[in-house]
Amino acid sequence: MSAEGRIAQRLARLGFTEAARAGELLGGKPLQLWDADANAPSDDRAAAVVAALGRCADPDAALRSLADLAEAAGPDLLETLGRDQPFRARLTGLLGASSALADHLVAYPADWRVLVGPYQPSTVPPGTIAELRAAHRRELVAIAGRDLAGELDMRAVTEALAGLAGEVLRAALSGAVAAMPVEASTCRLAVIAMGKAGARELNYVSDVDVIFVAEPVDGADEQAALGVATRLAAETMRVCGAAAWEVDAALRPEGKAGPLVRTLASHEAYYRRWASTWEFQALLKACPVAGDAALGQQYLDVIAPLVWTAAERPGFVGDVQAMRRRVVAQLPADVAEREIKLGPGGLRDVEFAVQLLQLVHGRGDESLRVAGTLPALDALRDGGYVGRDDALSLGDAYRFLRAAEHRVQLRRLRRTHLIPDDPYELAVLARAMGYRPDARGDVRAVFAAEWALHAREVRRLHEKLFYRPLLDAVARVPSEGLRLTAGEAGRRLAALGFADPSGALRHIEALTAGVSRRAALQRALLPAMLAYFADATDSDAGLLAYRRVSEALGTSPWYLRLLRDEGAVAQRLAFLLGTSRYVAGMLERAPEALQLLADDASLAPRPADELRATMSDAAARQPDDVAAVSVVRGIRRQELLRTAFADLLGRIDVAAVGEAITAITEATLDGALGVARRSVAAELGVAELPIEFAVIAMGRLGGCEVGYGSDADVMFVYDGGSGGDAAGDSARMAHGVAERMRTLLGAPSTDAPLGIDANLRPEGRNGPLVRSLGSYAEYYARWSSAWEAQALLRARFAAGDASLGARFTELIDPVRYPAAGVRADDRAEIRRLKGRMDAERLPRGADPTTHLKLGRGGLTDIEWTVQLLQLAHGHGVEGLRTTQTLPALRAAASAGLIDGHDAATLEAAWRLATHARNAVMLVRDKADDQLPTQGPALVGVGRALGYPPGFDPGQVIDDWRRTARRARRVVERIFYD
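Here's a quick rundown of the structure. (Residues numbered from 1 in each chain as written. Predicted model: local features only at pLDDT ≥ 70, side-chain atom pairs only at ≥ 80, totals over all residues. Heavy atoms only, no water.)

1. So, the overall build of the protein chain
Next, step 1: Looking only at helices and strands, the protein chain has 45 helices and 12 strands in total.
Next, step 2: Computed over C-alpha atoms, the radius of gyration of the protein chain comes to 41 Å, more than 25% over the 30 Å expected from 2.2 N^0.38 for 977 residues, which places it beyond the range of a compact globule.
Next, step 3: In terms of its C-alpha atoms, the protein chain occupies a principal-axis envelope of roughly 125 × 85 × 50 Å.
Next, step 4: Per-residue burial over the protein chain gives 55% buried out of 977 residues.
Next, step 5: Considering only residue pairs separated by 6 or more positions, the protein chain has 72% of its internal contacts joining residues 24 or more positions apart. (Helix = DSSP H or I, 4+ residues; strand = E, 2+ residues; numbered from the N terminus. Rg over C-alpha atoms; globule rule 2.2 N^0.38 Å. Buried < 20%, exposed > 50% of the residue type's maximum accessible area, 1.4 Å probe, protein only. Contact = heavy atoms within 4.5 Å.)

2. Some words on the side chain of T158
Next, step 1: Considering the arrangement of structural elements, one finds T158 in helix α9 (residues 154-179).
Next, step 2: With a relative accessible area of 2%, T158 lands in the buried category.
Next, step 3: Here T158 is in contact with R200, E201, L202, R402 and H406, once residues within four sequence places are set aside.

3. Overview of helix α27 (residues 517-534)
Next, step 1: With 18 residues, α27 should cover 26 Å at 1.5 Å per step; its first-to-last C-alpha distance of 26 Å lies within 8% of that length.
Next, step 2: Of all the bends in α27, the greatest, near 40°, is centred on L526, and the proline P527 appears no more than four residues after it.
Next, step 3: Judged by how many residues are buried, α27 sits mostly within the fold: 15 of 18 residues are covered. (Expected span 1.5 Å × (residues − 1). Bend = angle between axes of the 7 residues up to and from the residue.)

4. What to know about the layout of surface pockets
One simple way to see leftover space: roll a probe sized like a water molecule over the atoms.
Next, step 1: Of the pockets and cavities examined, the largest pocket occupies roughly 1,100 Å³.
Next, step 2: Lining the largest pocket are 25 residues, with L760, M837, R841, K853 and W864 sitting closest to its centre.
Next, step 3: Elements with a minimum of two residues in the lining of the largest pocket: α35 (699-702), α38 (786-792), α40 (824-840) and α41 (859-873).
Next, step 4: By residue class, the composition of the lining of the largest pocket is seven nonpolar, six polar and 12 charged.
Next, step 5: Estimated volume of the second largest pocket: approximately 750 Å³.
Next, step 6: Together, 26 residues line the second largest pocket, and G195, D209, L251, K341 and R348 are the ones closest to its centre.
Next, step 7: Breaking the lining of the second largest pocket down by element, the ones donating at least two residues are α11 (195-198), α14 (277-283), α16 (316-329) and α18 (347-361).
Next, step 8: Tallying contributions element by element places α18 first for the lining of the second largest pocket, with four residues.
Next, step 9: Of the residues contributing to the lining of the second largest pocket, the split by class is 10 nonpolar, six polar and 10 charged. (1 Å grid on protein atoms, 1.4 Å probe; cavity = no way out; pocket = protein on both sides within 12 Å on 5 of 7 lines; lining within 4 Å. Points joined across faces, edges and corners; volume = space filled by probe spheres on them. Nonpolar A, V, L, I, M, F, W, Y, C, P; charged D, E, K, R; others polar.)

5. Side note on the packing of α41 against helix α42 (residues 885-894)
Next, step 1: Across the interface, α41 lies against α42 with an axial gap of 10 Å and an inter-helix angle of 55°. Our classification of the angle between α41 and α42 gives oblique. Here the hand of the crossing between α41 and α42 comes out left-handed. In this structure, α41 uses E863, V866, L869 and Q870 to contact α42, whose residues at the interface are T885, A888, L889 and A892.
Next, step 2: Within the contact of α41 with α42, the residues separate by chemical class into five nonpolar, two polar and one charged. (Axes fitted to C-alpha atoms, helices over the stretch in contact; angles between N-to-C directions. Parallel < 35°, antiparallel > 145°, perpendicular 65-115°, else oblique. Left-handed = near helix turned anticlockwise from the far one by under 90°.)

6. Quick look at helix α44 (residues 935-945)
Next, step 1: Extensive coverage of α44 is indicated by the burial of eight of its 11 residues.
Next, step 2: Listing the buried residues of α44 in full gives A937, L938, G940, V941, G942, R943, A944 and L945.
Next, step 3: At its buried positions, α44 is contacted by α30 (569-579), α33 (625-648), α43 (900-924) and α45 (954-974).
Next, step 4: Immediately beyond the C-terminal end of α44, within one or two residues, lies G946, with a positive phi of roughly 105°.

7. A few points about the pairing of strand β3 (residues 187-193)
Next, step 1: The element β3 is largely enclosed, with a buried count of six among its seven residues.
Next, step 2: In the sheet, β3 pairs with strand β4 (residues 208-216) via seven bridges, with the strands oriented antiparallel. Of the residues in β4, the one forming a bridge with R188 is E215. (Pairing = 2+ DSSP bridges.)

8. What to know about the packing of aromatic side chains
Next, step 1: With the rule as written, the count across this model stands at 15 aromatic pairs.
Next, step 2: Each residue in the set F400, Y435, F447 and W451 is aromatic and connected to the rest through ring pairs, giving one cluster. (Phe/Tyr/Trp six-rings, centres within 6.5 Å; stacked < 30°, edge-to-face > 60°.)

9. Here's the deal with the nonpolar core
Within soluble globular proteins, side chains that are nonpolar tend to cluster in buried spots.
Next, step 1: One finds Y546, L587, F645, L669, F693, V695 and F716 to be the most contacted residues of the largest nonpolar core, which totals 166 residues.
Next, step 2: Take this core: its biggest share by element is 12 residues, from helix α34 (residues 654-684).
Next, step 3: Core analysis: the next-biggest nonpolar cluster, separate from the first, contains 93 residues, L11, A19, A57 and V208 among them. (Core = buried A, V, L, I, M, F, W, Y, C linked by side-chain atoms within 4.5 Å.)

10. As for unusual backbone geometry
Next, step 1: Each neighbour pair has its own omega, and for K29 with P30 the value is 5°, a cis peptide bond.
Next, step 2: Position of P30 among the secondary structure elements: in the loop between α2 (19-27) and β1 (34-35).
Next, step 3: With a phi close to 55°, R200 is a non-glycine residue in the positive phi region.
Next, step 4: Structurally, the position occupied by R200 is in the loop between α11 and β4.
Next, step 5: Its identity is not glycine, yet D925 carries a phi of approximately 60°, on the positive side.

11. Let's talk about the pattern of salt bridges
Next, step 1: Counting across every chain of the model gives 71 salt bridges.
Next, step 2: Among the ionic pairs, D600 bridges to R651, the shortest N-O distance being 3.4 Å. With D600 in the loop between α31 (581-589) and α32 (608-620) and R651 in the loop between α33 and α34, the pair connects residues that are 51 residues apart, well separated along the chain.
Next, step 3: Under the relative-accessibility criterion, D600 is labelled partly exposed at 39%.
Next, step 4: Overlapping salt bridges, with partners in common, bring together D58, R411, R412 and E425 in one network. (Salt bridge = Lys/Arg side-chain N within 4 Å of Asp/Glu carboxyl O.)

12. Remarks on the environment of E566
Next, step 1: For E566, the location among the structural elements is in the loop between α29 (557-565) and α30.
Next, step 2: A C-alpha to C-alpha distance of 45 Å links E566 and R55, two positions 511 residues apart in sequence.
Next, step 3: With near-sequence residues (within four places) excluded, E566 lies in contact with R561 and A598.

13. What to know about the environment of S616
Next, step 1: Note on placement: S616 falls in helix α32.
Next, step 2: Sequence separation between S616 and Y398 is 218 residues, and the spatial gap between their C-alpha atoms is 50 Å.
Next, step 3: Excluding anything up to four places from it in sequence, S616 contacts D670 and G671.

14. Some words on the environment of A839
Next, step 1: Tracing the backbone shows A839 in helix α40.
Next, step 2: With 15 residues separating them in the primary sequence, A839 and L854 have C-alpha atoms 9.3 Å apart.

15. Here's the deal with the packing of helix α13 (residues 264-273) against helix α15 (residues 293-307)
Next, step 1: Interhelical geometry of α13 versus α15 gives an angle of 10° and a closest axis separation of 10 Å. Overall, the two elements α13 and α15 adopt an arrangement that is roughly parallel. Residues L264, H267, E268, Y271 and R272 of α13 form the contact with α15, whose own contacting residues are Q298, Y299, V302, I303 and L306.
Next, step 2: Each residue belonging to the contact of α13 with α15 can be placed in one class, and the counts come to six nonpolar, two polar and two charged.

16. Description of the side chain of D647
Next, step 1: With respect to the secondary-structure elements, D647 resides in helix α33.
Next, step 2: R911 provides the closest opposite charge to the buried, unpaired D647, separated from it by 10 Å.
Next, step 3: Setting aside anything within four residues of it in sequence, one finds D647 in contact with I652, V657, Y708, H915, N918 and L922. (Lys, Arg positive; Asp, Glu negative; His and termini not counted.)

This is the structure:
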């Protein structure tokens, strides 16, 4: 291989693509950095320079530019380059990343010295356009060199660029004033920076957005003064555009159609009467930057109060969200995926989310009133409006995207936000950002992986923050309602409908006191929470419950984040706490259940088999009986809350509620039965009881129609052991198991007891608690009455030994589905029993038109009618052989035993009565079959039934009475026929 070939080969390994040309430039004058004979750098300093060139974004371009610059600048450049490591990193990095600034250095070779030593911002004096352009480029060299060397972070870079823009604006305005000193003396002119310039987060290449405000000096004619100010403004824009950045005044009132310069009063009048939502969003970043400083401050003093009330405008949040969607929708499809500013997951997603949060929450929190995106994000984090992890992720992504934007623009000093699709240019960009090949692939693949990661995270957080339901609720709260000072909060609370504003204020003060992050999060949440509580039935009770739940959760990190970040959790919680005492009381004991509100899928009832397994496994891990059943009852509490949440939020219908609570009850019985069997066996000193034992569901439990306040109607059956002592031992074991179950499930606890009601057993309270299968067979064969056959229609295996349950069911089927149907005397007996029940069991003073169970057209009417059809026809109609009311009713209709319209009427009444019974329990935390007829309880029941806020409570009574009357007419035709 020739000497030139060996040199090229080595230089290629060092990163030079045009290796042969690189050898010529490094070895020749003026650089002389390479010894051709040794095929190595000419000395240690030369080696450092060559290595620095090889590490930069475009080594070949950097080398070419360095050769040209060294020839123009003389030996001092190369001498400094060899000995000054920081300067070497700055210059080589700049030459490899920006061909435009490299060309400037070659044209102005003395400017390399601005890269020596610490960065010091330069003043830009007035001058010709060429002088201003040179000064501007010289300052860009100073900033970009240190940026590319990693000495300035992104915020320092953008602030330096904004400072440079201010210098150029001031120099251009000074030049314009100097050109017309007499006329200029008649007006005061202030230049207000907007957008990135106003926020001090400017790009390398960007329009500088401005607004001009002018006032005549004392005695001057206003129109004449405005004319002079307009000429000064236009000249300033012209000079800046020719020398540095384009100056864009399109953000002024009326945009390009409006006058370039306005008085302060004209600005104020426009923003008060005509401004659009987006204009207030733009004014977030307004900052005086040139001209009359006092007038600029006056402008801010007038405009700022308008900015911080803009979020109260009708539809404000929706307007901002719609504007962002329009920007994305208008992006050409062929560039959207390369657009790092406007595309999904781009800079605008970060900026719009931050600005919307600022505008909504900044009305009551002045710490959010900052212009820059990153300072605002820090303030939102510190104030609890954005989670720490979310703020960190969003900040990292924003820095990445801005760095990519800067590197793309620096390449040729062109205004662009597109990632290059040319492979070579993409590699240059990736190296300019400091990436190197790794396990993910070459440098392009590494950059693409990082970009995809940040874009996904930005889009996720943008959707989470920008479309947060809490925002809209807070935006609807007047500004005075955000401050929560004693007087303002008291008036706000009274206006919201709190009956005890002073008590509510005490709760608020307790929740928000101190400087902890928890208190900050509560201050951010409460304005919206109070508005949500105002829509609930009992605002005061809801807020009190919220305080108790908050205190119960203490410093749990997930709780307040959940309310702030996850969908409609806050609104759901306020509705639940302000509507249901049942939910409020249980949540105080199980606040962790709040996490269920974040996801509709979590509200779906768990399968019965899964519940049984969960409870049994949890109980088996406990050290004793009490602990075992305690954990079972805790799981029951969690599952009842899940069901109540889904019920109140309209996610499941009334039949599904009954089935869900039934499954929870049966799993609880099964778990307690397992504990009781082990306990009795341990007392007897045996490993396992030698009997089969089953729990038979009766009543509403058997019908899968359990309500929130229902006891468990059951019978106990056992089998095993016969004759003499063996039979007696088995009976004692079975009785011990049943009693132990009742004791454990009814023991005092923080959880509600599960009462076991065995009164439907043979002989009722007078009969034995537990019978053997044979005893049941003997009893039903000899003594069973009509009402007992009717009760057995609901009998169903619930827990324990399934084979025994099946044998019991087989035993009772001939009793409840008699082959001969219902005898006339039995039918008469059932009707007499029903009549006595209606007369004697209806509470004294109860209104039969609104009693959901025993009233006319109530549950008893419907269920006894269906059960009479089952007794009469169950033997011949298979569909009637079910323990559930609605399936039996539908089977009767299918078999032609009842008219279809009549069946629908009875089903509607059963559903409404059952739903209303559940609603009464949820609202009052007390079971009651009487529908409230007035007051907050009726309103609460209506909301629990799904009536909208503000409904007429009398509608609930009217709807029930109408439904019940229709059902009663059907009952009278069928049951009493």
